[in-house]
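The residues making up each chain are set out below.
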Amino acid sequence: MYNGGKIIIGILIFVGLVISPFLLTGEKATAKPDPKVDTPEIMKLPENERKCVESKDYMKREHMKMLNEWRDLVVRDGLTIYTSKSGKEHTMSLQNNCMKCHSNKTKFCDECHNYAGVKPYCWDCHIAPKEKET
Amino acid sequence: MDRRKFLKIAGMSSLLGIGGFSVANTVRNDLEASQIKSNPAALTAKRWAMVVDMSKFKAPEDYQKCIDACHRVHNVPAGSDNPKHEIKWMWPDTYEHAFPGNEDEYLAEKVKDMPFLLLCNHCDNPPCVRVCPTKATFKRESDGIVMMDMHRCIGCRFCMAGCPYGARSFNYKDPRPHINESKQNREFPTRMKGVVEKCTLCYERLAKGLEPACVEAAKEVAVKKGTTPGLIFGDLEDPKSEVRKILSERFSIRRKPELGTGPSVYYVL
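Okay, so let's go over this structure. (Residues numbered from 1 in each chain as written. Chains lettered and ligands numbered in written order. Predicted model: local features only at pLDDT ≥ 70, side-chain atom pairs only at ≥ 80, totals over all residues. Heavy atoms only, no water.)

**Looking at the overall build of chain B**
Phase 1: Looking only at helices and strands, chain B features 9 helices and 11 strands.
Phase 2: With respect to the three principal axes, the spread of C-alpha positions in chain B is 90 × 45 × 35 Å.
Phase 3: The buried share of chain B, reckoned over its 269 residues, is 44%.
Phase 4: The positive charge centre, built from 42 side chains, and the negative charge centre, built from 34, are 7 Å apart in chain B. (Helix = DSSP H or I, 4+ residues; strand = E, 2+ residues; numbered from the N terminus. Buried < 20%, exposed > 50% of the residue type's maximum accessible area, 1.4 Å probe, protein only. Lys, Arg positive; Asp, Glu negative; His and termini not counted. Charge placed at Lys NZ, Arg CZ, Asp CG, Glu CD.)

**Some points on the interface of chain B and chain A**
Phase 1: Facing 29 residues of chain B, the contacting portion of chain A comprises 26 residues.
Phase 2: Buried surface at the junction of chain B and chain A, both sides included, amounts to about 2,500 Å², of which 49% is carbon and sulfur.
Phase 3: Area buried by chain B at its contact with chain A is led by Gln35(B), His151(B) and Arg186(B), which between them contribute 27% of it.
Phase 4: On inspection of chain B and its partner chain A, the count reaches 3 salt bridges.
Phase 5: With its nearest N and O atoms 2.9 Å apart, the salt bridge here joins Arg76(A) to Asp149(B).
Phase 6: For the interface between chain B and chain A, the tally reads 16 residue pairs in polar contact (both at pLDDT 80 or more).
Phase 7: Breaking the side of chain B that touches chain A down by element, the ones donating at least two residues are α1 (3-35), β1 (36-37) and β6 (146-148) of chain B. (Contact = heavy atoms within 4.5 Å. Buried area = accessible area lost by both parts, 1.4 Å probe. Salt bridge = Lys/Arg side-chain N within 4 Å of Asp/Glu carboxyl O. Polar contact = N/O pair within 3.5 Å; in protein donor to acceptor, adjacent residues only side chain to side chain.)

**Focus: the state of the cysteines**
Working definition of a disulfide: a covalent bond connecting the sulfur atoms of two cysteines.
Phase 1: This model, assessed by the stated rule, comprises 0 disulfides over all chains.
Phase 2: Left unpaired, Cys125(A) is separated from the closest cysteine sulfur, that of Cys122(A), by 9.8 Å.
Phase 3: Among the cysteines around Cys128(B), which has no disulfide bond, Cys163(B) carries the closest sulfur, lying 6.1 Å off.
Phase 4: Look at Cys128(B) and you get buried, because its relative accessible area is 7%. (Disulfide = S-S within 2.5 Å.)

**Re the pairing of strand β2 (residues 48-53) of chain B**
Residue and element names in this part refer to chain B.
Phase 1: Most of β2 sits inside the fold, with 6 of its 6 residues counted as buried.
Phase 2: Side-chain alternation along β2 places Trp 48, Met 50 and Val 52 on one buried face and Ala 49, Val 51 and Asp 53 on a second face that is also buried.
Phase 3: Both β2 and strand β11 (residues 265-268) contribute to a ladder of 4 bridges, which runs parallel. What sits directly across from Asp 53, in β11, is Val 268. (Pairing = 2+ DSSP bridges.)

**Structural notes on a negative patch on the surface**
Phase 1: A cluster of acidic residues, Glu96(B), Glu103(B), Asp104(B) and Glu105(B), forms a negative patch on the protein surface.
Phase 2: Among the residues examined, Glu96(B) registers a relative accessible area of 46% and is labelled partly exposed. (Patch = residues over 30% accessible without salt bridge, like charges linked within 9 Å, V, L, I, M, F, W, Y side chains within 5 Å. Areas by Shrake-Rupley, 256 points an atom, 1.4 Å probe, with all protein chains shown as cover.)

**Describing the nonpolar core**
All names here are of chain B.
Phase 1: In terms of nonpolar packing, the biggest core is built from 52 residues, with Met 50 and Leu 231 touching the most fellow members.
Phase 2: Residue contributions to this core peak at 6 residues, all from helix α2 (residues 60-73).
Phase 3: With 10 residues, the next largest nonpolar core counts Cys 132, Ala 136, Met 148 and Cys 159 among its residues. (Core = buried A, V, L, I, M, F, W, Y, C linked by side-chain atoms within 4.5 Å.)

**Describing the pattern of salt bridges**
Phase 1: For the structure on display, the rule yields 20 salt bridges over all chains.
Phase 2: Residue Arg140(B) pairs with Asp143(B) through a salt bridge whose shortest N-O separation is 2.9 Å. The pair formed by Arg140(B) and Asp143(B) is uniform in burial state, with each residue classed as buried.
Phase 3: Salt bridges linked by common partners bring Asp57(A), Arg61(A), Glu62(A) and Lys65(A) together as one network.

**Quick notes on helix α3 (residues 56-77) of chain A**
All names here are of chain A.
Phase 1: With 22 residues, α3 ought to run about 32 Å at 1.5 Å a step, yet its terminal C-alpha atoms sit only 27 Å apart, falling short of that.
Phase 2: The largest bend along α3 reaches roughly 75° and is located at Glu 62.
Phase 3: Taken together, the buried positions of α3 are Met 59, Glu 62, Met 66, Trp 70, Leu 73, Val 74, Val 75 and Arg 76.
Phase 4: Backbone geometry just downstream of α3 places Gly 78 in the positive-phi region, at approximately 70°. (Expected span 1.5 Å × (residues − 1). Bend = angle between axes of the 7 residues up to and from the residue.)

**Considerations on unusual backbone geometry**
Residues and elements named next belong to chain B.
Phase 1: A positive phi angle, near 45°, is found at His 122, a position not held by glycine.
Phase 2: His 122 gets classed as buried once you look at its relative accessible area, which sits at 2%.
Phase 3: Unlike most non-glycine residues, Lys 135 shows phi in positive territory, near 60°.
Phase 4: Positionally, Lys 135 belongs in the loop between α5 (127-131) and β5 (137-139).
Phase 5: For Lys 135, a relative accessible area of 58% puts it in the exposed group.

Geometric descriptors of this kind do not, in isolation, establish any biological role.
Here it is, written out as structure tokens:
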């Protein structure tokens, strides 16, 4: 091999550059998001009432579609009350209902949204609950 | 298989297909209807209308209470140095500006100087809705409110050009810094840069069974003064409603009715 040493060094430098982002950021890049649902408002509720509008699994998967549907129903059709599968009635409102329990926007919304790199524009207009500095 | 038999089978199966589709549809609709409904306490009407009784609005403080109530409830930013950047849902103006074409050189001085309280007219035939390319502004079929869906507004401002009453304001800047945070209503959203906004006849309050904020403020003023309120709100299509009672008794004018927009805000002098 002509210039074997130089080529191998070149390859090593190239490989080093390619994997450098993984080496430099280390664990952080892969740290799983950990949304918190232990707000004081939720903890205040009795154990058997600590339930969201729908099941946790459904909310994880479908909350964005649900919110889109809710906003059309409320703004365009004037319908404001949602009866969940359990028969409980909820006001369809992000700002006045969802966030009343989930008063920790940074730990509840942003945790996953930042991880997934999605930037929903909810908070350009809707007012996020005040959070205490921790 | 002969042709006759084939046609029979094809016809029957397509019939069944259509039938099956409609059955599936009704099942789905039933489910939706049982899940979602409007608040039973909500105020409803066929067509909401407002009567502004100008005999009750003489001094600035009479109408300022109504304007403040509206702007506070809806997080409308405070005035700007640039008049073009001003956001207003409700505002006073003179007779010649409110009713152009009706000016008269010898008009009574007191009428000329009257501060007419102006707001979106919630037209029967709203030009802003006709020009909106995204249906962000639309007329609610249920009660005639000309609504804004801020989620859809792209800020093209066609509606501002279309509205003959100047009832719409554009957010040239982010309104948030101009809203006093201690006074803001945390139950209602603000707007963002690049959307058009206007009076929505307090749809969010009607849905809860409350009257519009300005009407409520006018009632408070009236109680203090011991008179009848200057803003009367009701169903234009209900002959027994209060607005119809007043309109049948007193002479009323509307802003630019000759344009055929059918405004729902009436002024009695």
